[in-house]
Structures are given as structure tokens and as C-alpha cells.
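Close look at the chain arrangement
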Amino acid sequence: MYVDIHTHQVPKTDSFAIQNLTVLEAKTILTTEKQGYFSVGCHPWFIEQYTEQTLEQIKNWTMDLRTVLIGECGLDKNSNVQFQTQVTVFEKHIEFSEKAKKPLIIHCVGSFNELFEIKRRLKPTQLWIIHGFRGKPELAKQALKLNCALSFGLHYNPESVKITPLEKIYIETDESSINIVDLYQQISIIKTCKVEDLFAGKRLIECHQLK
Ligand SMILES: [Zn+2]
């Protein structure tokens, strides 16, 4: 029930967590028989380390049955990588997500206008999940209006959680060591619902298992 949709830690074997892999990690994990749920992509901080060939590799991994989400990928105004390059690489990931029919897990810092512009322009069919969402309700409203889902972790704005419909709420630990169960409990209190009503992550895993 406590699905953690985005973590950089190696999950415990009995947990339902989607482990995010860098390209280097994917090389050592997805080339083996290791079972698990993964996301793989190119983080906007590290794009310069990647070549066309790396993107080709990511594309192949997105087809791997263990890959649940494409990313994390996205746009970050604090990244040293040229913004236009970030956009180009992000649009590649959108293409992969559409092709593999798997949702995107998005990292977005200071670039929401650009992110929304790309969504309006490309009209993707796959779900976009904005991970580690800390924005205010105004920003949450804009994202939700464009049909994005929001993933909440260690830091979030409770007012934004309040206005997000249950089916659009995902929960993650990311780089923190917070217990996923605690996060589900916190969010359920804010939403005045039962923990089991926070079903979006569970449904994501179930849909994936049917594939
Ligand atoms: Zn992350």
C-alpha cells in the first residue's frame, strides 16, 4: 500500500519502491537479472556527461519490463547546463515516455512556465508526475489544470496537498531517510482521508504489473 514512487536509495526487498537510476547505475543494474521497479533517465544537472549514445541507451532501458517511470528528467534553472540543451534532452525523454507508454517523473526547479509551455505544445498522452513538489497552491493549481500529477516528499506545502485530488497525489522519499509510512500518514491527515485512500502510487504499480 505504501508505494514510494521515487527514491535514490536501494529499496528493501519487500517494499514497493521505484528506485531511480542514473545511467551509470542502470548500466550495473539493468544489465543484470536483478528484479525491482526502476526509473531511468537523465537528470538536468548531469546532462553534460551524456552523449547521443547515452540517450540511445536510455531509450532502450525505457523498454525494459522493470522500468516503471521515465526520468527523473526535466528543467532546472540552477543547473550549469545551458537551458536550451536541457529542453532538448527533456523533449527526448517525453518522446521515450510516449513510445514506451510509461509516465514521466519530472524534476523542475524555477522552470514551471517553460515546463507548462512544453506540455501545452506537445500534448503528451502519458502522465507527467512532478516529483518533490514544494510549490504553493497557485502553482499546484496550474499544474493540475494541465493534468499533471504531484509527488510529495519530505518538504511540501500542506495547502498544495489540500487542493490536490487523491488520484493526483503520489508520495516519495527521494534522497531523504524519512519513512514512507510516516509520509503517507502525514498526507492522509492533511487530506482527512484514510491512508488506503492514497491509492495513486499503488495503482501505478498495478497498471505496470499488467503490462
Ligand atoms: Zn530525485
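Just above, that's the structure.
An account of the accompanying structure is given in this report. Since this is a predicted model, take the numbers as computed values, not measurements. (Residues numbered from 1 in each chain as written. Predicted model: local features only at pLDDT ≥ 70, side-chain atom pairs only at ≥ 80, totals over all residues. Heavy atoms only, no water.)

1. Section: the packing of helix H4 (residues 112-122) against helix H5 (residues 137-145)
One way to put it is that H4 packs onto H5 with a least axis distance of 11 Å and a crossing angle of 15 degrees. Regarding the angle of H4 to H5, the classification is roughly parallel. Between H4 and H5 lies a crossing of left-handed hand. When H4 is examined against H5, the residues Phe 112, Asn 113 and Phe 116 are found in contact with a partner set consisting of Leu 139, Gln 142 and Ala 143. For the contact of H4 with H5, the per-class residue count stands at four nonpolar, two polar and no charged. (Axes fitted to C-alpha atoms, helices over the stretch in contact; angles between N-to-C directions. Helix = DSSP H or I, 4+ residues; strand = E, 2+ residues; numbered from the N terminus. Parallel < 35°, antiparallel > 145°, perpendicular 65-115°, else oblique. Left-handed = near helix turned anticlockwise from the far one by under 90°. Contact = heavy atoms within 4.5 Å. Nonpolar A, V, L, I, M, F, W, Y, C, P; charged D, E, K, R; others polar.)

2. Some thoughts on the sheet that holds strand S3 (residues 37-40)
One open sheet holds the eight strands; their spatial order is S1-S2-S3-S4-S5-S6-S7-S8, and the pairing between them is parallel. Two strands lie at the open edges of the sheet, namely strand S1 (4-7) and strand S8 (169-171), each paired on one side alone. Within this sheet the neighbouring strands show an average axis-to-axis angle of 30 degrees, counted without direction. Sheet analysis places strand S4 (residues 67-76) next to strand S5 (residues 104-109), joined by six bridges and oriented parallel. Residue pairing for S5: Leu 75 is matched across the bridge by Cys 108. Strand contacts of helix H7 (residues 180-190): S1, strand S7 (149-152) and S8, with the helix running at about 150 degrees to S8, the strand carrying the most contacts. (Pairing = 2+ DSSP bridges.)

3. Remarks on the pairing of S4
The buried fraction of S4 amounts to ten of the ten residues, a majority that puts the element mostly inside the structure. Direction of pairing for S3 relative to S4: parallel, over a ladder of three bridges. Looking at the pairing, Phe 38 lines up with Thr 67 of S4. Note that the unit made of S4, helix H3 (residues 83-100) and S5 has a crossover that is right-handed. (Buried < 20%, exposed > 50% of the residue type's maximum accessible area, 1.4 Å probe, protein only. Right-handed = clockwise from strand over helix to strand, strands pointing away.)

4. Some words on unusual backbone geometry
Here Gly 71 and Glu 72 are connected by a cis peptide whose omega angle stands at 5 degrees. Looking at the secondary structure, you find Glu 72 in strand S4. Its identity is not glycine, yet Lys 123 carries a phi of approximately 45 degrees, on the positive side. Examined against the element boundaries, Lys 123 turns out to sit in the loop between H4 and strand S6 (128-130). Even without being a glycine, Thr 192 presents a positive backbone phi close to 45 degrees. By secondary structure assignment, the location of Thr 192 is in the loop between H7 and helix H8 (200-210).

5. A look at the pattern of salt bridges
The full count for this structure, using the stated rule, is eight salt bridges. Between Glu 138 and Lys 141 there is a salt bridge; the shortest N-O distance is 3.4 Å. Of this pair, Glu 138 and Lys 141 both sit in helix H5, three residues apart, roughly one helical turn. Residue class for Glu 138 comes out exposed when judged on its relative accessible area of 52%. For Glu 206, the salt bridge is made with Lys 202, and the minimal N-O distance between the two is 3.5 Å. Of this pair, Glu 206 and Lys 202 are both found in helix H8, four residues apart, which corresponds to roughly one turn of the helix. Judged by its relative accessible area of 37%, Glu 206 is partly exposed. (Salt bridge = Lys/Arg side-chain N within 4 Å of Asp/Glu carboxyl O.)

6. Some words on the state of the cysteines
Applying the stated criterion across every chain yields a total of zero disulfides. Unpaired in terms of disulfides, Cys 42 finds its nearest cysteine sulfur in Cys 73, a separation of 8.6 Å. Residue Cys 42 is classed as buried on the basis of its relative accessible area of 1%. Assessed through its relative accessible area of 0%, Cys 73 is described here as buried. (Disulfide = S-S within 2.5 Å.)

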